[in-house]
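Listed below are the residues making up each chain.
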Number of protein chains: 2
Amino acid sequence: MAVYTEVSDAALTAFLQAYEIGTLLSYKGIAEGVENTNFFLHTTAGFYILTLYEKRVRADDLPFFLNLMEHLADRGLACPQPIRNRGGQALGQLCGRPAVIVSFLEGVSVKQPNADHCRALGRALAGLHAAGCDFGMVRENNLSVQAWRPLFRSAEAQADGVAPGLAERIRADLAVLEAGWPSGLPGGVIHADLFTDNVFFIGEALSGLIDFYFACTDAFAYDIAICLNAWCFDPDGTYHRDMGAALIAGYEAVRPLEPAEVAALPILARGAALRFMLTRLVDWLNVPPGALVQPKDPLEYDRRLTFHRSAGHARDYGWEG
Amino acid sequence: MAVYTEVSDAALTAFLQAYEIGTLLSYKGIAEGVENTNFFLHTTAGFYILTLYEKRVRADDLPFFLNLMEHLADRGLACPQPIRNRGGQALGQLCGRPAVIVSFLEGVSVKQPNADHCRALGRALAGLHAAGCDFGMVRENNLSVQAWRPLFRSAEAQADGVAPGLAERIRADLAVLEAGWPSGLPGGVIHADLFTDNVFFIGEALSGLIDFYFACTDAFAYDIAICLNAWCFDPDGTYHRDMGAALIAGYEAVRPLEPAEVAALPILARGAALRFMLTRLVDWLNVPPGALVQPKDPLEYDRRLTFHRSAGHARDYGWEG
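Please read these numbers as outputs of a predicted model, since none were measured by experiment.

Calculation rules
- Residues numbered from 1 in each chain as written.
- Chains lettered and ligands numbered in written order.
- Predicted model: local features only at pLDDT ≥ 70, side-chain atom pairs only at ≥ 80, totals over all residues.
- Heavy atoms only, no water.
- Helix = DSSP H or I, 4+ residues; strand = E, 2+ residues; numbered from the N terminus.
- Buried < 20%, exposed > 50% of the residue type's maximum accessible area, 1.4 Å probe, protein only.
- Phe/Tyr/Trp six-rings, centres within 6.5 Å; stacked < 30°, edge-to-face > 60°.
- Lys NZ or Arg CZ within 6 Å of the ring centre and 35° of its normal.
- Pairing = 2+ DSSP bridges.
- Contact = heavy atoms within 4.5 Å.
- Buried area = accessible area lost by both parts, 1.4 Å probe.
- Salt bridge = Lys/Arg side-chain N within 4 Å of Asp/Glu carboxyl O.
- Nonpolar A, V, L, I, M, F, W, Y, C, P; charged D, E, K, R; others polar.
- Least-squares fit on C-alpha atoms with pLDDT ≥ 70 in both.
- Disulfide = S-S within 2.5 Å.
- Expected span 1.5 Å × (residues − 1).
- Polar contact = N/O pair within 3.5 Å; in protein donor to acceptor, adjacent residues only side chain to side chain.
- Domains from an automatic or database assignment.

### Here's the deal with unusual backbone geometry
Residue and element names in this part refer to chain B.
1) Next: One non-glycine residue, Cys95, lies in the positive phi region at around 50 degrees.
2) Next: Position of Cys95 relative to the elements: it lies in the loop between β4 (92–94) and β5 (97–103).
3) Next: With a phi angle near 75 degrees, Ala192 is a residue other than glycine that sits in the positive phi range.
4) Next: With respect to the element layout, Ala192 can be found in the loop between β7 (187–190) and β8 (199–202).
5) Next: Note on Ala192: relative accessible area 5%, which makes it buried.

### What about the packing of aromatic side chains?
1) Next: Counted under the stated rule, the structure contains 38 aromatic pairs over all chains.
2) Next: Pairing B:Phe40 with B:Phe104 gives two aromatic rings, centres 5.2 Å apart and planes at 85 degrees, and the pair type is edge-to-face. Here B:Phe40, found in strand β2 (residues 37–43), pairs with B:Phe104, found in the loop between β5 and β6 (108–109); they are 64 residues apart in sequence, far enough to count as distant. Exposure class is identical for B:Phe40 and B:Phe104. Each is buried.
3) Next: Here the aromatic residues A:Phe40, A:Phe47, A:Phe104, B:Phe40, B:Phe47 and B:Phe104 are joined through ring pairs into a cluster of three or more.
4) Next: Here A:Arg275 stacks its cationic end above the ring of A:Phe214, 5.6 Å away from the centre of that ring.

### Some thoughts on the sheet that holds strand β9 (residues 205–209) of chain B
All names here are of chain B.
1) Next: Pairing is antiparallel across the open sheet formed by three strands, whose spatial order is β6-β8-β9. On the outer flanks of this sheet lie β6 and β9, each paired with one strand and no other.
2) Next: Alignment of β6 against β8, held across two bridges, turns out to be antiparallel. Directly across from Val108, in β8, lies its bridge partner Phe201.

### What to know about the interface of chain B and chain A
Buried accessible area, meaning the area lost when the parts come together, often serves as the stated size of an interface.
1) Next: Taken together, the contacts link 27 residues of chain B with 27 residues of chain A.
2) Next: Together, the buried faces of chain B and chain A total about 2,400 Å²; carbon and sulfur atoms form 64% of this surface.
3) Next: For the pair chain B and chain A, the number of links is zero salt bridges.
4) Next: Every element with two or more residues in the side of chain B that touches chain A is listed here: β1 (24–30), β2, β6 and β8 of chain B.
5) Next: Per-element tally for the side of chain B that touches chain A: the top contributor is β1(B), with seven residues.
6) Next: Taken together, the residues of the side of chain B that touches chain A sort by class into 15 nonpolar, six polar and six charged.

### Observations concerning the relation of the copies chain B and chain A
1) Next: If you rotate chain B by 180 degrees and push it 0.0 Å along the axis, it lands on chain A with an RMSD of 0.0 Å. Both copies of the chain, as the preceding transformation shows, are related through a two-fold rotation axis.
2) Next: In this assembly the copies share their binding face: 100% of the residues contributing to the interface of chain B also contribute to that of chain A.

### Concerning the state of the cysteines
All names here are of chain A.
1) Next: Taken as a whole and assessed by the stated rule, the structure comprises zero disulfides over all chains.
2) Next: Not engaged in a disulfide, the cysteine Cys133 finds its nearest cysteine sulfur in Cys216; these two sulfurs lie 15 Å apart.
3) Next: In this structure Cys232 is a free cysteine whose sulfur lies 4.2 Å from that of Cys118, the closest cysteine sulfur available.

### A short note on helix α3 (residues 115–131) of chain B
All names here are of chain B.
1) Next: Look at α3: 24 Å from first C-alpha to last across 17 residues, which is about the 24 Å you get at 1.5 Å a residue.
2) Next: Most of α3 is tucked away, with 12 of its 17 residues classed as buried.
3) Next: Residues of α3 that are buried include every one of Ala115, His117, Cys118, Ala120, Leu121, Gly122, Ala124, Leu125, Ala126, Leu128, His129 and Ala131, and no others.
4) Next: The backbone nitrogen of Asp116 lies 3.0 Å from a side-chain oxygen of the residue at the head of α3, namely Asn114.

### A closer look at the domain arrangement of chain A
Residues and elements named next belong to chain A.
1) Next: The domain architecture assigned to chain A consists of domain 1 (9–104) and domain 2 (109–317).
2) Next: The straight-line distance from the C-alpha centre of domain 1 to that of domain 2 is 27 Å.
3) Next: In this assembly, 19 residues from domain 1 lie in contact with 24 residues from domain 2.
4) Next: Of the roughly 1,800 Å² buried at the junction of domain 1 and domain 2 (both faces included), carbon and sulfur atoms supply 72%.
5) Next: Here domain 1 is connected to domain 2 by two salt bridges.
6) Next: Across the pair Arg75 and Asp134 runs a salt bridge, and its minimum N-O distance is 3.1 Å.
7) Next: Scanning the region where domain 1 abuts domain 2 turns up six residue pairs in polar contact (both at pLDDT 80 or more).
8) Next: Taken together, the residues that form the side of domain 1 that touches domain 2 break down as 12 nonpolar, three polar and four charged.

Written as structure tokens, this is what we have:
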């Protein structure tokens, strides 16, 4: 929630001269975005988002993210479309940072989604997976099962200070997940971070998906598992089976799940919860002095894991096939 | 530079039902505004700014500010226009805060203004003074000369820790200013905070004035003095006489200064510098823990005061009458 890099009118005006999007009318720093600096940008040609990538984003990954957004937008998915400059480049440089202009997407994030929102999300997620099928680039999921033990090690000594018994619970989950993590599931491009912040609605209709900076190549069903975690729980850990059912049904209306995906759903959901718990835990224990961003509570996912440990079948999540 | 109050989609949608500005398309928290929380707001009817007033704004003063903006906009001044709800009220309540929707103003703040910008500013300032002439409300300037000694007292003990000899310099300035502060100058509504952040340009043309939350009833020439301080100095304290000349000439093209105003200009400029030095000094010495906003450097104004102490006549500021 911050503007990390100030951009002067003169610097921005000079930057825009490389683009064919008219002249500057206004721009405002947006108080969102944990990783990057974003500006709402209005020119005589229209509305845009200008993003400056701060240190946490690996510059090597930017071509994957930008090409992916362009690919998906070309196939009709409602997502930000990178604007190429006169030199044909989407990636520029502004105030010493890699910088990109993307099309502005209307819509509002829903704080408390209902089953209708979840159904629309499921449809959009399947649409994203389908649109990404012929995307030519690959990016390994560097926050999947192989990353969790190293993350845990960096937080292990302090974990019980966050919640009693937390280290032991994580240890047990890790053993189960590493032993049983599925491979060979249908896969391709996944969003991998489709929280409510990253899905826009206008009224009841889903209007777009944003923030592709965790997108990678992995099992499609793992993306569903992430969404079930992100959308279908109360903060107290209560699972809303009706919302999960709507999400999965929405997805299957576009792409029916294969039996192996249905079978894997519980372990994928448990793994997704552990993934977010671990990255939140590490962030929680490593708040830099003077941080502008409040870290998210890892224990929300500790509570979700209680549900996942007791779930044995996709039906427990609402699958009704 | 912060969003102090989070506003959910549901809360905002409910709030908007009291207005006749269509339905919500998008909103983004703006990373500007030291005092308040601002959102960029797009509805089916257009673009707006939604402001939630945080604790530092006295709720009693809001009717003055809002009625003034409405008055000025009615007279054709390019400034944010408060939108009245179906009940005829400009001031509403959202998330426990006084809240207002105003029209969105295009334009960009110029970080490094030149003489042309200053000339345009002078014209706009005189236009503001003229447009405010028949405004019926009065608000005392509670940051004028009578406020400076109490401000200084609260910072006096720590002042020399900020810069050697600072307390003594302030003491001497205060004595001169309190003894010679002019009264009876032509006056009315002044903006009182017309820094570069609060003036928008599109290309070379001034497109609007914003942020009327220090507006009050005081001498017009004091507003000029504030602008000379805010626009015509380098951070190192160098005064740009050509920029001051353009600012004053721009102003006088709309409203020529009276002899008493010309005579008072040096002391008004010195007083304006002390006013911003003192409030910055107090903020500098009282940064709350976990503050999201970096305080501004009071010593910028200490350096400007060096110039003001040596200036004896309006000609030193560029007046060429």
